[in-house]
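Understanding the architecture of this molecule
Here is how the chains run, residue by residue.
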Amino acid sequence: MRALLIPFVTLLITLPTTSSQHTALNFGKNPSSYILLPSFTSTQRTSFSVCAWLKRHSNHLDFYQYWISYGVPDSFMEFGISDSGVSYMFGDGMLPRYQWLRVEENHHVCYAWGEGRAVVYYDGVEIGREKTEEGRELVTPGTLILGQFVSYSGLENIERFRYFGGEMTGVYIFSGMLTEEEVEEIYRGGRCFDVVSRFGSDNIFISWQDILQLERVGSVKEVEVQCSSRERRSRKYGESGKFGEF
């Protein structure tokens with residue numbers, strides 16, 4: 001019997017990516033840098049989620065730096081979340097288990113709200129949750145901004161000393177509340193994870209590709225980043241506490 005010789009072939013499979021998935025935005029150590037996003041709409045009044053990869057360059061505020069916030073005319077501090085997970089909703093603050101942040105480290109932060117509760121995730125792990133005001137809906141329209149803290153609507157209400165001094169990529173705002181499994185999947189996928197293909201454009205209010213097309217104010221500039229994936233949870237986190245001063 002003649003032996004059947006089958007040649008060994010190595011297949012190189014390239015996963016689809018786009019140039020925007022390799023791009024981060026560096027806001028610099030500049031209290032005047034920001035990107036104004038489209039306002040939340042009626043689609044997000046009862047639930048939404050926001051996630052991002054963040055790298056701090058400045059420790060001007062070592063405990064927390066707000067990288068996204070939302071202000072409305074007649075309600076103080078409608079929504080905002082910092083790079084350490086410290087956040088607020090409807091003026092009520094949440095202090096998750098403290099994250100000791102160092103400069104030049106990449107971390108993934110997600111905030112999911114709906115069904116009367118808010119949940120914060122850090123590197124794919126839940127670090128805090130809290131009930132929100134019963135029956136309360138998100139006020140729209142308002143001022144939704146990256147890189148700055150705004151307490152009410154309008155750019156004149158930016159509190160510039162609270163600026164985010166670093167870079168971000170993979171910022172996505174979802175029209176719905178992500179589950180723990182979905183957040184972990186995004187984290188494990190790394191900075192170049194194809195979020196739009198996974199969740200569908202109909203479920204994403206603002207994508208990272210959308211953000212890259214918006215006007216940049218101050219010293220915001222593009223920088224290239226290396227793709228990374230996360231294969232394990234680094235540690236467990238405890239319960240959240242209340243945070244009374246911002």
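Figured I'd write up the structure that's included with this text. (Residues numbered from 1 in each chain as written. Predicted model: local features only at pLDDT ≥ 70, side-chain atom pairs only at ≥ 80, totals over all residues. Heavy atoms only, no water.)

1. Remarks on the environment of Ser87
On the secondary structure map, Ser87 appears in strand 6 (residues 87-89). Its relative accessible area of 0% is what places Ser87 among the buried residues. Sequence spacing of Ser87 and Gly128 is 41 residues, and the spatial spacing of their C-alpha atoms is 10.0 Å. (Helix = DSSP H or I, 4+ residues; strand = E, 2+ residues; numbered from the N terminus. Buried < 20%, exposed > 50% of the residue type's maximum accessible area, 1.4 Å probe, protein only.)

2. What about the pattern of salt bridges?
Taken as a whole and assessed by the stated rule, the structure comprises 10 salt bridges. Between Asp83 and Arg56 there is a salt bridge, with its nearest N and O atoms 2.8 Å apart. Of this pair, Asp83 sits in the loop between strand 5 (75-82) and strand 6 while Arg56 sits in strand 3 (residues 47-56), placing them 27 residues apart in sequence. Linking Arg136 and Glu78 is a salt bridge whose minimum nitrogen-to-oxygen distance equals 2.9 Å. Placement of Arg136 in the loop between strand 10 (125-131) and strand 11 (143-146) and of Glu78 in strand 5 is noted, with a sequence separation of 58 residues between them. No difference in accessibility class separates Arg136 from Glu78, as the two residues are buried. Within the structure, one salt-bridge network assembled from shared partners comprises Glu78, Glu133 and Arg136. (Salt bridge = Lys/Arg side-chain N within 4 Å of Asp/Glu carboxyl O.)

3. Structural notes on the state of the cysteines
What the rule picks out here adds up to 2 disulfides. A sulfur-sulfur distance of 2.2 Å marks the disulfide that ties Cys192 to Cys227. Judged by the sign of its S-S torsion, about -90°, the cystine formed by Cys192 and Cys227 is left-handed. A residue pair is termed long-range when its members are at least 10 positions apart, and Cys192 in the loop between helix 1 (180-189) and helix 2 (195-199) and Cys227 in the loop between strand 14 (221-224) and strand 15 (241-242) qualify at 35 residues. Taken in N- to C-terminal order, the disulfide-linked cysteines of the chain are connected 1-2, 3-4. (Disulfide = S-S within 2.5 Å.)

4. Examining helix 1
Those residues of helix 1 that sit buried are Val183, Glu184, Ile186 and Tyr187. Along the axis of helix 1, the buried residues cluster in a sector spanning 160°; they form a single face. On its buried face, helix 1 sits against strand 3, strand 8 (106-114), strand 9 (117-122), strand 12 (166-174) and helix 2. In the stretch just after helix 1, Gly190 is the one whose phi turns positive, near 85°. (Arc of directions from axis to C-beta. Contact = heavy atoms within 4.5 Å.)

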